[in-house]
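# Commentary on secondary and tertiary structure
Residue-level listing of the chains:
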Amino acid sequence: MSCLLKKFKEYYGIEATTSAVAPGRLEVLGNHTDYNEGLVLSAAVAQKTEFALAPVKGNICKIHDFRDNSTHEFDLNDIDKPKGNWTDYVIGVIVGLKKKQIKISAFYAGILSDIPLSAGMSSSAALEVSTAFALAKEFNIELSKLEWAKICQSVEYDYLGLKCGLLDQLSSIYGKKNNLIFSDFREEKVMENIPLNENFVFVVANSLVKHNLVDSAYNQRREACENVVNIIQQTEKIKSLRDVSVDMLELYKDKLPRFDYLRAMHVVLEIQNVRDGILALKNNDINAFGQLMYKSHQSSVENFENSCEELDCLVELSKSIPGCIGARLSGGGFGGVSIHLVKKEEIATYAERLQIAYELQTGKKTEIIICEIGDGAS
Ligand code: GLA
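Right, let's walk through the structure included here. The residue numbers shown here count from 1 along each chain, following its written sequence. Thresholds applied to this predicted model are a pLDDT of at least 70 for local features of residues and 80 or more for the giving and counting of side-chain atom pairs; totals over whole chains, interfaces and linings are not thresholded and use all residues. Hydrogen atoms and water are omitted, and side-chain values are computed over all heavy atoms in the structure.

Turning next to the site of the ligand. Being near a molecule or strand, for a residue, means having at least one of its heavy atoms within 4 Å of it. The environment of the ligand is made up of Arg25, Glu27, Asn31, His32, Asp34, Tyr35, Cys164, Gly165, Asp168, Tyr218, Gly331 and Gly332. Glu27 is positioned such that a nitrogen or oxygen atom in its side chain is 2.5 Å from an oxygen atom of the ligand. The separation between an oxygen atom of the ligand and a polar main-chain atom of His32 is 2.8 Å. About the coverage of the ligand: the protein hides 95% of its 310 Å² of free accessible area. Whenever a nitrogen or oxygen atom comes within 3.5 Å of another N or O atom, the pair is scored as a polar contact, on the condition that within protein one atom can donate a hydrogen and the other can accept it, and that pairs from neighbouring residues in sequence are kept only if both atoms are in side chains. To measure how exposed things are, a 1.4 Å probe is used in the Shrake-Rupley method; for residues, cover is taken only from the protein chains shown.

Printed below as a string of structure tokens:
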């Protein structure tokens, strides 16, 4: 019996009937390209969220978080508005099902997770997807993986108002052990699993910066991208930034608001970085791959402005500590995590040196997480 199932029984006095797990993810290359019909290389991590449940009579659901022993209750007849706490990621899935005329009955649930919260490793997507997979099993709901990914995305997009793309949910569902997954968001599918050189590991350094305007900054970036598409569309046949090249952007530079031009440039460059990254991996040129990670971060700094001092410091330090071949911010940005691709045999010394150097330079602490690449939800 898993640790969660045991805790569930102790806490509720009944056995859980279903459980599911879903991992967090790392965005490896392709920053903010998903909602622009772009390309992304990502990976599911071994860190995951487990969700267990048992059906109960009535309309009241209970969820217990075994990390901090907090419990929340909600009435299935009163879920249209978010509650303002983490249970919204669970409730939002039920709301998404309701929109598809799929009804579920009440349950008691328990969760356990080792994904750092709000750090940029998609703890929220992991909670949505583990909820979705557990509900699917318990209530015999037959939907495709893509439909589930979209229901989970709608939790953020419709229920909570963060206009995110499909990356986090797709990665948590389709992740493949020891592989990066290459996704095309025009096709809305994973095109290929690409093995990562086994001598390298992703080390995550959490800046521990939580920007409280993340959601509005994120939505503004998305609007800037859409604005560029609207302007170029007046004269060119394009559907999204996926259809725009650097040359085309340069041609329209004078017609575009300066910041919108820069945001779009980041996305266009990132889509190309993913293409180049795949080639580098296939040629086993891991150093070239590392350089693309640095290039990506530089564009976040100069063009997309979704980095922060702390992330820049972590990425800069990585260049002077032996063992690392590339680093960048990962995920939405404005704080959160940086990822560092490090030689396996050097991870312990690398992590220690990075922590010490970062504290010396900033007076602040960073949290280090070694990320094995794991499988998707089950
Ligand atoms: C967040 C969003 C994703 C994606 C990334 C940036 O994680 O949820 O959809 O846009 O930021 O690539």
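Once you've had a look at it, read on.
All right, on to helix H2 (residues 88–99) then. What counts as a helix is a DSSP run of H or I of at least four residues, what counts as a strand is a run of E of at least two, and both are numbered from the N terminus. To estimate the expected span of a helix, subtract one from its residue number and multiply by 1.5 Å. Compared with the 16 Å implied by 1.5 Å per residue over 12 residues, the 16 Å span of H2 between its first and last C-alpha is a close match. Here's how the labels work: a residue is buried when its accessible area is under 20% of the maximum for its type, exposed when over 50%, partly exposed in between, all with a 1.4 Å probe on protein chains only. Along H2, 9 of the 12 residues are buried, which leaves the element largely enclosed by surrounding structure. Where H2 is concerned, the buried positions are Asp88, Val90, Ile91, Gly92, Val93, Ile94, Val95, Gly96 and Leu97. Summarising the contacts, the buried residues of H2 are in contact with strand E2 (39–55), strand E3 (60–65), strand E4 (70–75), strand E5 (107–113), helix H3 (123–138) and helix H4 (145–159). Here, two residues are considered to be in contact whenever any of their heavy atoms come within 4.5 Å of each other.

Strand order in the open sheet formed by 4 strands is E9-E10-E8-E11, with antiparallel pairing between adjacent strands. Looking along the sheet, the strands with just one partner apiece sit at the ends: strand E9 (324–329) and strand E11 (367–371). Mean inter-strand twist for the sheet, computed between neighbouring axes without regard to direction, equals 20°. As paired strands, strand E8 (residues 200–210) and strand E10 (residues 335–343) are joined by 8 bridges and run antiparallel to one another. Across the sheet, Val204 pairs through a bridge with Ile339, a residue of E10. In this description, a line fitted to the C-alpha atoms serves as the axis of each element, helices being fitted only across the stretch in contact, and the angle between N-to-C directions of two axes falls anywhere from 0 to 180 degrees. The sheet strands contacting helix H10 (residues 309–318) are E8, E9 and E10, and the helix crosses E10 at an angle near 10°. The strands touched by helix H11 (residues 347–362) are E8, E9, E10 and E11; relative to E10, the strand with the most contacts, the crossing angle is about 140°. Think of it this way: DSSP has to see at least two bridges between two strands before they count as a pair.

Now for the nonpolar core. Counting residues in each nonpolar core, the largest one holds 101 residues, and the members touching the most others are Leu41, Phe107, Leu180, Phe202, Leu249 and Phe289. Among the elements that make up this core, the one with the highest residue count is helix H8 (residues 258–282) (11 residues). Residue-level mapping places this core at the junction of two domains, with at least three residues from each of domain 1 (3–195) and domain 2 (200–371). Those residues in contact with Leu41 that sit more than four places away from it in its chain are Glu27, Val28, Leu29, Leu180, Ile181, Phe182, Ile194, Val274, Gly277, Ile278, Leu281 and Phe289. Ranked by size, the runner-up nonpolar core spans 18 residues in total, among them Val201, Tyr294, Leu317 and Ala327. We define the nonpolar core as a collection of buried residues of types Ala, Val, Leu, Ile, Met, Phe, Trp, Tyr and Cys that are connected through side-chain atoms lying within 4.5 Å of one another. These domain boundaries are the output of an automatic or database domain assignment.

This part covers the packing of H10 against H11. At a closest axis distance of 10 Å, the pairing of H10 and H11 adopts a crossing angle of 130°. Considered as vectors, H10 and H11 are oriented oblique to each other. Crossing geometry of H10 relative to H11 is assigned as right-handed. Between H10 and H11, the contacting residues are Glu310, Cys313, Leu314, Leu317 and Ser318 on the first element and Tyr350, Leu354, Ala357, Tyr358, Gln361 and Thr362 on the second. In the scheme used here, Gly and all other residues not listed as nonpolar or charged are polar, with Ala, Val, Leu, Ile, Met, Phe, Trp, Tyr, Cys and Pro taken as nonpolar and Asp, Glu, Lys and Arg as charged. Along the lines of polarity and charge, the residues of the contact of H10 with H11 split into 7 nonpolar, 3 polar and 1 charged. Angles are sorted into four bins: roughly parallel if under 35 degrees, roughly antiparallel if over 145, roughly perpendicular if 65 to 115, and oblique for all others. Crossings are sorted by hand: turned counterclockwise from the far helix by less than a right angle, the near helix makes the crossing left-handed, and turned clockwise it makes it right-handed.

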